[in-house]
Amino acid sequence: MKWTDITAIAEALYDKYPDVDPATIRFTDLHNKIVELEEFDDDKSRGGEKVLEAVQQAWIDEAA
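Being a predicted model, the structure only gives us computed values, none of them experimental.

Rules and cut-offs
- Residue indices follow the written sequence of each chain, beginning from 1 at its first position.
- Local features in this predicted model are restricted to residues whose pLDDT is 70 or higher, and side-chain atom pairs enter the listing and the counts only when it is 80 or higher, whereas totals over whole chains, interfaces and linings include all residues.
- Heavy atoms throughout the structure, all of them, feed into the side-chain values; hydrogens and water do not.
- Should a side-chain nitrogen of Lys or Arg be within 4 Å of a carboxyl oxygen of Asp or Glu, the pair is scored as a salt bridge.
- Secondary structure elements follow DSSP: runs of H or I of four or more residues count as helices, runs of E of two or more count as strands, with numbering from the N terminus.
- Relative accessibility under 20% of the residue-type maximum defines a buried residue, over 50% an exposed one, and the middle range a partly exposed one, all with a 1.4 Å probe and only protein chains included.
- Two rings belonging to Phe, Tyr or Trp (six-membered ring only in the last case) form a pair when the distance between their centres is within 6.5 Å. Interplanar angles under 30 degrees mark stacking, angles over 60 mark edge-to-face geometry, and anything in between is tilted.
- Counted as over-ring charges are cases with an Arg CZ or a Lys NZ within 6 Å of the ring centre that also lie within 35 degrees of the ring normal.
- Relevant arc is that of directions from the helix axis to the C-beta atoms, nothing else.
- Whether two residues are in contact is decided by their heavy atoms, any of which lying within 4.5 Å being enough.
- Here, axes are lines fitted to C-alpha atoms. For helices the fit covers the stretch in contact, and angles between N-to-C directions go from 0 to 180 degrees.
- Each angle receives one of four descriptions, namely roughly parallel if under 35 degrees, roughly antiparallel if over 145, roughly perpendicular if within 65 to 115, and oblique otherwise.
- Only Asp, Glu, Lys and Arg are considered charged in this grouping, and only Ala, Val, Leu, Ile, Met, Phe, Trp, Tyr, Cys and Pro are considered nonpolar; every other residue, Gly among them, is considered polar.

Caption draft 1: Representation of the pattern of salt bridges within the structure. One pass over the structure, following the stated rule, counts two salt bridges. Between Lys 2 and Asp 41 there is a salt bridge; the shortest N-O distance is 3.9 Å. Separated by 39 residues along the polypeptide, Lys 2 in the segment before helix 1 (6-16) and Asp 41 in the loop between helix 2 (27-35) and helix 3 (49-63) bring together distant segments of the chain. Residue Asp 41 is classed as exposed on the basis of its relative accessible area, which comes to 53%. Put simply, Asp 29 and Arg 26 hold a salt bridge, and the shortest N to O gap is 3.3 Å. Since its relative accessible area comes to 28%, Asp 29 is described here as partly exposed.

Caption draft 2: Inspection of the packing of aromatic side chains at higher detail. As enumerated under the stated definition, the model contains one aromatic pair in all. Look at Trp 3 and Phe 40: their rings are 4.9 Å apart centre to centre, the planes differ by 70 degrees, and that puts the pair in the edge-to-face class. You can see Trp 3 sitting in the segment before helix 1 and its partner Phe 40 sitting in the loop between helix 2 and helix 3, a full 37 residues away along the chain. Relative accessible area serves as the criterion here: at 3%, Trp 3 is assigned to the buried category. We note Lys 33 situated over the ring of Tyr 17; from NZ or CZ to the ring centre the distance is 4.2 Å.

Caption draft 3: Layout of helix 1. Those residues of helix 1 not exposed but buried are Ile 9, Ala 10, Ala 12 and Leu 13. Buried residues along helix 1 cover an arc of 165 degrees about the axis, so they all sit on one side. Contact partners of the buried residues in helix 1: helix 2 and helix 3.

Caption draft 4: Highlighting the environment of Glu 53. Topologically, Glu 53 is positioned in helix 3. Sequence separation between Glu 53 and Leu 30 is 23 residues; the distance between their C-alpha atoms is 9.6 Å.

Caption draft 5: Quick peek at the packing of helix 2 against helix 3. Contact geometry for helix 2 and helix 3: axes closest at 10 Å, N-to-C directions at 80 degrees. With respect to helix 3, the axis of helix 2 lies roughly perpendicular. In contact with Phe 27, Leu 30, His 31 and Ile 34 of helix 2, helix 3 contributes Glu 49, Leu 52, Glu 53, Val 55, Gln 56 and Trp 59. Partitioned by chemical class, the residues of the contact of helix 2 with helix 3 number six nonpolar, two polar and two charged.

Structure below.
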(Lines give C-alpha, C1' and ligand atoms only; values in the text may rest on other atoms or scores of the structure.)
Protein backbone atom coordinates (compact mmCIF):
# COMPACT_ATOMS: atom_id res chain seq x y z
CA MET A 1 0.00 0.00 0.00
CA LYS A 2 1.34 3.40 -1.01
CA TRP A 3 0.46 6.97 0.00
CA THR A 4 -1.54 7.25 -3.24
CA ASP A 5 -3.84 4.40 -2.18
CA ILE A 6 -6.14 6.74 -0.26
CA THR A 7 -9.24 4.52 -0.27
CA ALA A 8 -7.32 1.37 0.63
CA ILE A 9 -5.60 3.16 3.52
CA ALA A 10 -8.94 4.50 4.78
CA GLU A 11 -10.51 1.03 4.61
CA ALA A 12 -7.57 -0.51 6.47
CA LEU A 13 -7.76 2.18 9.18
CA TYR A 14 -11.51 1.67 9.51
CA ASP A 15 -10.99 -2.08 9.96
CA LYS A 16 -8.06 -1.77 12.38
CA TYR A 17 -9.37 1.12 14.49
CA PRO A 18 -13.18 0.78 14.61
CA ASP A 19 -13.45 2.83 17.81
CA VAL A 20 -11.45 5.83 16.56
CA ASP A 21 -13.41 8.86 15.36
CA PRO A 22 -11.54 9.92 12.21
CA ALA A 23 -13.02 13.42 12.41
CA THR A 24 -11.14 14.14 15.64
CA ILE A 25 -7.77 12.48 14.97
CA ARG A 26 -4.66 14.67 14.87
CA PHE A 27 -2.58 14.44 11.69
CA THR A 28 0.49 13.28 13.63
CA ASP A 29 -1.53 10.38 15.05
CA LEU A 30 -3.07 9.65 11.65
CA HIS A 31 0.37 9.56 10.03
CA ASN A 32 1.61 7.15 12.69
CA LYS A 33 -1.40 4.85 12.29
CA ILE A 34 -0.91 4.77 8.52
CA VAL A 35 2.79 3.90 8.58
CA GLU A 36 2.10 1.22 11.22
CA LEU A 37 -0.36 -0.58 8.95
CA GLU A 38 0.98 -4.02 8.07
CA GLU A 39 0.14 -3.52 4.38
CA PHE A 40 1.83 -0.11 4.17
CA ASP A 41 5.00 -0.17 2.08
CA ASP A 42 6.06 3.34 1.13
CA ASP A 43 8.44 6.06 2.26
CA LYS A 44 7.35 6.75 5.83
CA SER A 45 8.68 10.32 5.72
CA ARG A 46 6.21 11.24 2.98
CA GLY A 47 2.50 11.79 3.44
CA GLY A 48 2.04 15.51 3.71
CA GLU A 49 -0.98 17.46 4.89
CA LYS A 50 -2.93 17.13 1.62
CA VAL A 51 -2.56 13.34 1.62
CA LEU A 52 -3.51 13.11 5.28
CA GLU A 53 -6.57 15.30 4.68
CA ALA A 54 -7.64 13.01 1.84
CA VAL A 55 -7.15 9.89 3.95
CA GLN A 56 -9.04 11.46 6.85
CA GLN A 57 -11.98 12.36 4.61
CA ALA A 58 -12.02 8.90 3.02
CA TRP A 59 -11.97 7.33 6.50
CA ILE A 60 -14.87 9.57 7.59
CA ASP A 61 -16.77 8.52 4.47
CA GLU A 62 -15.99 4.85 5.18
CA ALA A 63 -17.28 5.18 8.75
CA ALA A 64 -20.52 6.87 7.66
